Amino acid sequence: MKKTTTLKLEDLNFEDHGIIYKKEIFDKSILDGLENDILLLTNKRNLIELSDYIVELDRNDKKSLLELNKFISKHPVISLIGVTLMNDTKNLAPNTFPVYLGGSILLGLPNDKRLIYSWHQESNYMPGFKKLYNSWTPLFKNSEIDNGTMSVIIGSHKYGKLDYNKISSSNGYTQLENDVSDFNLKESEFWCCIPLGDQVIFDQNLIHRSNNNKSNNVRFSITSRIGYSDVLTSVDGFKEKY
Ligand SMILES: [Fe+2]
C-alpha cells in the first residue's frame with residue numbers, strides 16, 4: 001500500500017488541509033523518561049517484552065489491561081502535551097476559553113481489527129465547542145503504514161460536522177462512523193507517517209481513522225484534546241448527546 005496523495009507532512013496547513021505537522025515537540029529525554037517509567041511499572045526490560053505483555057493481557061485479562069492503560073495515561077507527560085496543544089492552537093480560537101479534554105496513551109494492538117476506529121470526526125464525539133483540536137503523537141517508535149498509522153481525508157474539515165452512523169459493539173464501545181462514499185479516497189487519503197517525537201494537530205471536523213497494525217508489536221501513541229468555548233458547556237457525559 002502506498003500514500004494516496006503527493007502531499008508531504010511539511011506542506012500541511014489548517015486552512016487547506018485541516019491538519020498541521022510539528023517537528024520535534026519533545027526533547028528525546030522526555031520520551032525516554034516516559035518509556036523507562038512504563039517499563040519500570042510493568043517490570044519489563046524492553047519494548048518487545050512490554051508489547052508481548054500487553055498482547056497477553058488483551059487475550060487473558062482485559063480488565064487489567066484497561067487499568068494499566070488508564071494508569072499510564074495519567075503520566076504528567078500527557079498533560080504536558082495538553083499545554084503545548086493549547087499554545088499551538090489558542091490563536092485559532094480568539095475570545096474563547098480553552099478546555100483541556102484530556103489525553104491518553106493509545107495501544108494499537110497487532111492485527112486486531114476490533115480496536116480500529118472507522119472514519120470519524122472528533123466533533124461528533126465531543127460536541128458543543130466552537131473549536132476543538134486533537135493532537136496525535138507517536139510514542140517509542142515511528143508511526144508507519146505497516147504498523148497501522150492514522151490516515152485522514154485531507155480537506156474534509158471544510159464540510160463541517162457531518163451525519164454519522166452510530167455503531168455499538170458488545171465491548172461497550174460506540175463508534176460514530178461517517179459515510180465517506182462522496183470522497184475520492186484515492187486522491188484525498190493522507191497517511192500520517194510521523195517520526196518519533198513529532199506530532200500532528202488536526203481540526204475537529206477532519207475525518208480520520210486508525211488502521212490495521214500489520215507489525216508484530218503494539219503501536220503506542222498519545223492523543224490529547226483541547227476544546228474552545230465562549231460559554232459554559234459540557235466537559236464530560238458526551239455519550240448522552242449522541
Ligand atoms: Fe479520533
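The coordinates are above.
Before going into details, it helps to say that this report is about the structure given with it. Predicted model, so just to flag it, every value in this text is computed and none were measured.

### Brief notes about the nonpolar core
Formed by 40 residues in total, the largest nonpolar core has its most connected members in Ile19, Leu107, Val152 and Val200. The contacts of isoleucine 19, once residues within four sequence positions are left out, are Leu12, Val152, Val200, Phe202 and Leu206.

### Some words on helix H2 (residues 28-42)
Helix length check: H2, at 15 residues, gives a terminal C-alpha distance of 21 Å against a target of 21 Å (1.5 Å per residue), a fit within 8%. Asparagine 43 occupies a position one or two residues after H2 and carries a positive phi of about 60°.

### Points about the sheet that holds strand E7 (residues 189-191)
Strands sit in the order E7-E4-E9 across an open sheet of 3 strands; the sheet is antiparallel. Both outer strands of the open sheet, E7 and strand E9 (208-209), are each paired with one neighbouring strand and no more. In this structure, strand E4 (residues 151-153) lies alongside E9, joined through 2 bridges in antiparallel fashion. The residue of E9 that forms the bridge with valine 152 is histidine 208.

### Section: the sheet that holds strand E10 (residues 219-229)
Taken together, the 5 strands give an open sheet; going across it, the order is E1-E8-E3-E10-E2, and neighbouring strands pair in antiparallel fashion. If you trace the sheet from one side to the other, it starts and ends with strand E1 (19-22) and strand E2 (97-108), each paired once. With strand direction ignored, the average angle separating the axes of adjacent strands in the sheet is 20°. Relative to strand E8 (residues 199-203), E1 is paired through 4 bridges, and the arrangement is antiparallel. If you follow lysine 22 over to E8, its bridge partner there is glutamine 199.

### Description of the environment of leucine 232
Residue position: leucine 232 is located in the segment after E10. Owing to 8 C-beta atoms within 10 Å, leucine 232 belongs among the exposed residues under this scheme. Remark: the alpha-carbon pair of leucine 232 and proline 76, spanning 156 residues in sequence, is separated by 26 Å.

### Concerning the pairing of strand E3 (residues 131-139)
Of all 9 residues in E3, 8 are buried, a share of seventy percent or more. Sheet topology note: the E3/E10 ladder contains 9 bridges and is antiparallel. Its bridge partner lying in E10, tyrosine 133 is registered against isoleucine 226. The pairing of E3 with E8 spans 4 bridges and is antiparallel. Within E8, the residue paired with asparagine 134 across the bridge is phenylalanine 202.

### Overview of the environment of valine 200
Along the polypeptide, valine 200 turns up in strand E8. Distance from valine 200 to tyrosine 100, taken between C-alpha atoms, is 17 Å for residues 100 residues apart in sequence. Not counting the four nearest positions on each side in its chain, valine 200 is found in contact with Ile19, Ile20, Tyr21, Trp136, Cys192 and Ile194.

### Quick look at unusual backbone geometry
Of note in the backbone geometry, glutamate 24 takes a positive phi value of approximately 45° without being a glycine. Assignment of secondary structure puts glutamate 24 in the loop between E1 and H2. Residue classification places glutamate 24 among the exposed residues on the basis of 11 C-beta atoms within 10 Å. The backbone of asparagine 43 shows a phi angle near 60°, a positive value even though the residue is not glycine.

### Notes on the environment of valine 231
Along the chain, the position of valine 231 falls in the segment after E10. C-alpha of valine 231 to C-alpha of leucine 139: the two residues are 92 residues apart in sequence and 35 Å apart in space.

### Considering the packing of helix H3 (residues 47-60) against helix H4 (residues 62-72)
Viewed as axis vectors pointing N to C, H3 and H4 meet at an angle of 135°, and their least axial separation amounts to 6 Å. Between H3 and H4, the angle falls in the class oblique. Of the residues in H4, those touching H3 at Ile54, Leu57 and Asp58 are Lys62, Ser64, Leu65 and Leu68.

### Describing H3
Spanning 14 residues, H3 covers 20 Å between terminal C-alpha atoms, matching the ideal 20 Å at 1.5 Å per step. Of the residues making up H3, those classed as buried are Leu50, Ser51 and Ile54. All buried residues of H3 fall inside an arc of 100° around its axis, so they share one side. Opposite its buried face, H3 presents the exposed residues Ile48, Glu56, Arg59 and Asn60, each directed more than 90 degrees away. The inward-facing, buried residues of H3 abut H2, H4 and E2.

Calculation criteria
Here, residues in each chain are numbered from 1, in the same order as that chain's written sequence. For a predicted model such as this one, the threshold for reporting local features is a pLDDT of at least 70, and the threshold for listing and counting side-chain atom pairs is 80 or more; totals across whole chains, interfaces and linings nevertheless cover every residue. A set of buried Ala, Val, Leu, Ile, Met, Phe, Trp, Tyr and Cys residues, joined to one another through C-beta atoms within 7 Å, is what we call a nonpolar core. Whether a residue is buried, exposed or partly exposed is read from the other C-beta atoms within 10 Å of its own C-beta, which are placed from the backbone; 20 or more gives buried, 12 or fewer gives exposed, and intermediate counts give partly exposed. Any two residues are considered in contact once their C-beta atoms, placed from the backbone, lie within 7 Å. Note on conventions: DSSP H or I runs of at least 4 residues are helices, E runs of at least 2 residues are strands, and numbering of each starts at the N terminus. An expected span of 1.5 Å times one less than the residue number is assigned to each helix. Following DSSP output, two strands are said to pair if at least two bridges run between them. Every angle, taken between N-to-C directions, lies between 0 and 180 degrees, and every axis is a line fitted to C-alpha atoms, over only the stretch in contact when it is a helix. Roughly parallel here means an angle under 35 degrees, roughly antiparallel means over 145, roughly perpendicular means 65 to 115, and every remaining angle is called oblique. What the arc describes is the spread of directions from the helix axis to the C-beta atoms.

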